[in-house]
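Chain and residue survey
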Amino acid sequence: MGKLIDRRKFIKSAGLLAVGATIDLPKLSFAKQGGLNNIPDLAVAKGGTASERVAIALKMLGGINRWVKPGDTVVVKPNIGWDRRPEQAADTNPEVVAAVVAQCINTGAKRVMVFDRTCNNAKRCYHNSGIAEAAEKAGAIVPYTIEAGFKYYDMPENKYLKGWSLYRPAMEADCLINVPIAKHHSLAGLTLGMKNLMGIMGDDRGKIHWNIHKYLPELAAFIKPQLTIIDATRILIANGPQGGNPKDIKQLDTIIASPFIASADAFATTLFGKKPQDIGYIVNSVNYNLGEIDIDKINYQVERI
Amino acid sequence: MTIRKVRIASQLFFFAFFLYLFWITSKGAASRIPPDLFLRSNPLLAVVISISVRIIIPTMIVSVILLVIGILLGRVFCGWVCPLGTIFDITSKIAKTPVRAEIKKVHKFKYYLLIAFFIAAIFGFQAVFYFDPIAMTTRIFTTALLPTVVEAVNFLFSLLFNIQPLQIPLMELQSSLADSLIPLKPYYFQTGVFWGFVFIIIIGFEIYGRRFFCQSVCPLGAFYGIIGKAQLLRRRVSEDCIACGECLSVCKTNAIAEDYVSTDFMECIQCFNCVDVCPTKATVMDFKSGAKAQKTDLTRRTVIASGIGGLAFATLGSVSYIRPSSASKLIRPPGSVDETEFVERCVRCYQCLRACATSGNFLQPSLLEGGLKGLLTPYGVARTGYCEFNCTLCTEVCPTGAIERLDLETKQKTVIGLAHFDKEICLPYSKGVECMVCEEHCPTGDKAIKFTEKEYIYADGSKKVLKFPYIMEDICIGCGICVYKCPVEGSPGIYITNQNQQRFDGKENDNGKQEKQG
Ligand code: SF4
Ligand code: SF4
Ligand code: SF4
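This one's a predicted model, so the numbers in the text were calculated from it and none came from an experiment. (Residues numbered from 1 in each chain as written. Chains lettered and ligands numbered in written order. Predicted model: local features only at pLDDT ≥ 70, side-chain atom pairs only at ≥ 80, totals over all residues. Heavy atoms only, no water.)

Further remarks concern helix α4 (residues 63-73) of chain B. Residue and element names in this part refer to chain B. Within α4 the residues assigned to the buried category are Ser-63, Leu-66 and Gly-70. Viewed end-on, α4 has its buried residues packed into an arc of 60°, placing them on one side of the element. Check the buried side of α4 and you find it contacts α2 (37-40), α3 (43-53), α5 (76-80) and α12 (219-227). One or two residues past the end of α4 sits Gly-74, with phi positive at roughly 65°. (Buried < 20%, exposed > 50% of the residue type's maximum accessible area, 1.4 Å probe, protein only. Helix = DSSP H or I, 4+ residues; strand = E, 2+ residues; numbered from the N terminus. Arc of directions from axis to C-beta. Contact = heavy atoms within 4.5 Å.)

Take the side chain of B:Ser92 next. All names here are of chain B. Considering the arrangement of structural elements, one finds Ser-92 in helix α6 (residues 83-95). Within the structure, Ser-92 has its side chain in polar contact with the side chain of Arg-210 (distance 3.4 Å). If sequence neighbours within four positions are ignored, Ser-92 has contacts with Thr-97, Glu-206 and Arg-210. (Polar contact = N/O pair within 3.5 Å; in protein donor to acceptor, adjacent residues only side chain to side chain.)

A few words on the site of ligand 3. All names here are of chain B. Around ligand 3, a shell composed of 14 residues is seen, among which Cys-426, Cys-435, Met-436, Cys-438 and Cys-486 lie nearest. Elements supplying a minimum of two residues to the shell around ligand 3: α21 (427-431) and α22 (437-441). Grouping the constituent residues of the shell around ligand 3 by class yields 13 nonpolar, 1 polar and no charged. (Near = heavy atom within 4 Å. Nonpolar A, V, L, I, M, F, W, Y, C, P; charged D, E, K, R; others polar.)

Looking now at the pattern of salt bridges. Throughout the structure, instances matching the rule amount to 22 salt bridges over all chains. In this structure, the salt-bridge partner of A:Lys77 is A:Asp116, at a minimum N-O distance of 3.0 Å. Taken as a pair, A:Lys77 in strand β3 (residues 73-78) and A:Asp116 in the loop between β4 (111-114) and α4 (122-128) lie far apart in primary sequence, 39 residues in all. Close ionic contact of B:Arg75 with B:Glu267 constitutes a salt bridge, the shortest N to O distance being 3.4 Å. One end of the pair, B:Arg75, is in the loop between α4 and α5; the other, B:Glu267, is in the loop between α13 (246-250) and α14 (273-277), with 192 residues separating them in the sequence. Of the two residues examined, B:Arg75 and B:Glu267, each falls in the buried class. (Salt bridge = Lys/Arg side-chain N within 4 Å of Asp/Glu carboxyl O.)

With that out of the way, let us pick up the domain arrangement of chain B. Partitioning chain B into structural domains gives domain 1 (3-226), domain 2 (326-416) and domain 3 (418-497). Centre-to-centre, using C-alpha coordinates, domain 1 of chain B lies 43 Å away from domain 3 of chain B. (Domains from an automatic or database assignment.)

Let us now look at the interface of chain B and chain A. Taken together, the 45 residues of chain B in the interface contact 40 residues of chain A. Across the chain B/chain A interface, buried area totals approximately 3500 Å², and carbon plus sulfur atoms make up 51% of it. In this assembly, chain B and chain A are joined by 2 salt bridges. The salt bridge partner of B:Glu440 is A:Lys195, with a shortest N-O separation of 3.2 Å. (Buried area = accessible area lost by both parts, 1.4 Å probe.)

This next bit is on a nonpolar patch on the surface. On the surface, a nonpolar cluster with roughly 760 Å² of combined accessible area is contributed by B:Ile56, B:Ile61, B:Val64, B:Val68, B:Ile71, B:Leu72, B:Leu232 and B:Phe287. You can see B:Leu72 is positioned in helix α4. (Patch = residues over 30% accessible without salt bridge, like charges linked within 9 Å, V, L, I, M, F, W, Y side chains within 5 Å. Areas by Shrake-Rupley, 256 points an atom, 1.4 Å probe, with all protein chains shown as cover.)

All right, on to the layout of surface pockets then. Empty space within the second largest pocket amounts to approximately 580 Å³. Around the second largest pocket, the lining comprises 27 residues; the ones closest to its centre are A:Asp83, A:Arg124, A:Asn128, B:Asn390 and B:Cys391. Mapped onto the lining of the second largest pocket, the elements with two or more residues apiece are α4 of chain A together with α19 (393-397) and α20 (408-413) of chain B. The element contributing the most residues to the lining of the second largest pocket is α4(A), with 4 residues. Its residues assigned to classes, the lining of the second largest pocket comprises 7 nonpolar, 12 polar and 8 charged. (1 Å grid on protein atoms, 1.4 Å probe; cavity = no way out; pocket = protein on both sides within 12 Å on 5 of 7 lines; lining within 4 Å. Points joined across faces, edges and corners; volume = space filled by probe spheres on them.)

As a further point, take the nonpolar core. In terms of nonpolar packing, the biggest core is built from 128 residues, with B:Leu44, B:Phe77, B:Leu84, B:Phe213, B:Phe362, B:Ile471 and B:Ile494 touching the most fellow members. With 8 residues, the top contributor of residues to this core is helix α8 (residues 133-160) of chain B. Those residues within four positions of B:Phe213 in sequence are excluded, and the remaining contacts are B:Leu84, B:Phe88, B:Phe131, B:Pro133, B:Met136, B:Ile202 and B:Cys218. A:Ile146, A:Ala188, A:Ala221 and A:Ile223 belong to the second largest nonpolar core, which has 105 residues in total. (Core = buried A, V, L, I, M, F, W, Y, C linked by side-chain atoms within 4.5 Å.)

This is the structure:
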């Protein structure tokens, strides 16, 4: 059930959580969804600064330590695809990335890596997006993806996407946190959490476009990121995914976080005035246990800062 | 410390400096020292290009410094500075190459060659780049040596990456290398192997006899020899000479005559080997008079012959057959000056290719696509890479102004070509497959690729509504990222031609850059 909680109530539950923080909450399996006690399956934080939004959204979900354990190697995978500046809203907001990194480090992660296989020249994307600098400052290492790191993975359970080369460091990490930016995309409709996973694909991933709505849920089901944090600080409402036109940008100062990638994507459609049912890959995701996509059935909480 | 040792130190310093500039070429204008400094200050290139295009090249005015040094001190550049000369000296040190007197016989060849280049330039054909040592070195480094190193590094990395604990250090190392020298992916130039062979051949000659190239071919050496004929710093031999012949055996360029006393000052590269080796200190290099010169005599017949050769070369270049089909697809780097001037200014130093390899990886050296005059000039190949929307690197590192310096705003509006769909191949049109990868990557803000939604009827009669992309000609800048990213293997569903390309006039006026439609 979707419900709005007010600030005071939130603080109370956050306090309770802080008390119970030592209790090791189990990593959620995708199969069962139904909320742990007071904890929603999807958290939305609006307003405030990027790091406040991230902190509050994660707190609502029960804290990052549900997924990140001390000593873990964590991969934070933002969208760094384009040689654009943060205010152009083509890449994930650097402050959001830095905030996620900081959360992981504070929880005791041994190492946090941030990378993306970019569309434009990697060097340009990493620097101009501001992500390399911000994430490094927050304590992550931000290497470029290297050819040698890609390996072909068989995906025998999939019907359409039977296998693809993926980036090993992302696949082998203890925890993969998917941090896309919500954007318009002519072919896919919108690019959100599932589409962002294409950033760890090798080879000629353009071919995914040929059957994108079938491939993306299968890709997500195979990769299974532990957490998806959709950055909607600024969103692109047209000429995506790389934009470049200031009039296509809308500032929303919003974060949507969920361990259920399809729920996160479904909820994010509402930012664009769309419905989950408008986006093919979200509709097709229902067969893959990626989370509830019916907004009325998602157990979510919204918090305004 | 003897002067000879100072000379060796100078050579090593300038060689290191050259490598450093090569390293930072990928920084473009952001580097404090212009990465193309060696090329810009090359007086031979400056003079020949200016003759050929009939204007003084602004970027190359610094070459006046070396011109004056050349007049005063002769071929001191060859002995003390030239990076290729230093490569030769290092080679002969390792290979214990002897000085070979018989190379003396080909001394004159380089002067004839130089004359031919000058005559050709007067008739508007700049060909000196073929053998200019500086342009040749950056060319060989860019097309042959660096790609080989990158390939080797990548191979090594792919082996080491299987060792788990090495993964992260490797990623970090690769990242820091990628920020400067080594592009992330291996890259290749179509003439790389050729220049690799050229390098092996000139090194082979160096192993045969010291400074073979410098004595026989080098047009820059010949140029310094001619302008420095009346040089002030000269080798002088006093009465104390005991005719032991030691000096002759260490003179790298065979500049000392059989009498041990006279010197051919057009050949002497002021290396101070003779001064160093002379047991009686009879040989000195100074500004005093009393030096005995031995002259290089160029026969009038051969001078005229090389003049005619140059003329013929120029004429041949002009009538060269340009295949219209390939010429129309030649995309020049953004900021290129008019085609005729472009091919005359360009010295094929490949600074632009070097910079682009770390950015869009778009530029390749042409073969004959642009005609004989345009042989080996840079052009964009949208299947190896594409022109990065936010990049202006090639315009920042061109020493000759063949590519005019553009600021980012101008560059983003500079049209280098136009994209066209090949509807027989493009998937929505030819097979009814949803695609639009090209549209996704189009960087122009308001996208130059738009689409219509139409029904596609398949062979079996079934129907589906698909997005069909098309080009907005007034927005397309021809960057080619659509072609590069098109996932159709082999021939892509979209291609660029140089239609609508804008060329620049190479002269900056008061309002900044002046633009021209080409
Ligand atoms: S166009 Fe390229 S190869 Fe030609 S002179 Fe300029 S930088 Fe050198
Ligand atoms: S501006 Fe384009 S062609 Fe020039 S170096 Fe950059 S990517 Fe290459
Ligand atoms: S990427 Fe290639 S095949 Fe796909 S729509 Fe564009 S041109 Fe056609």
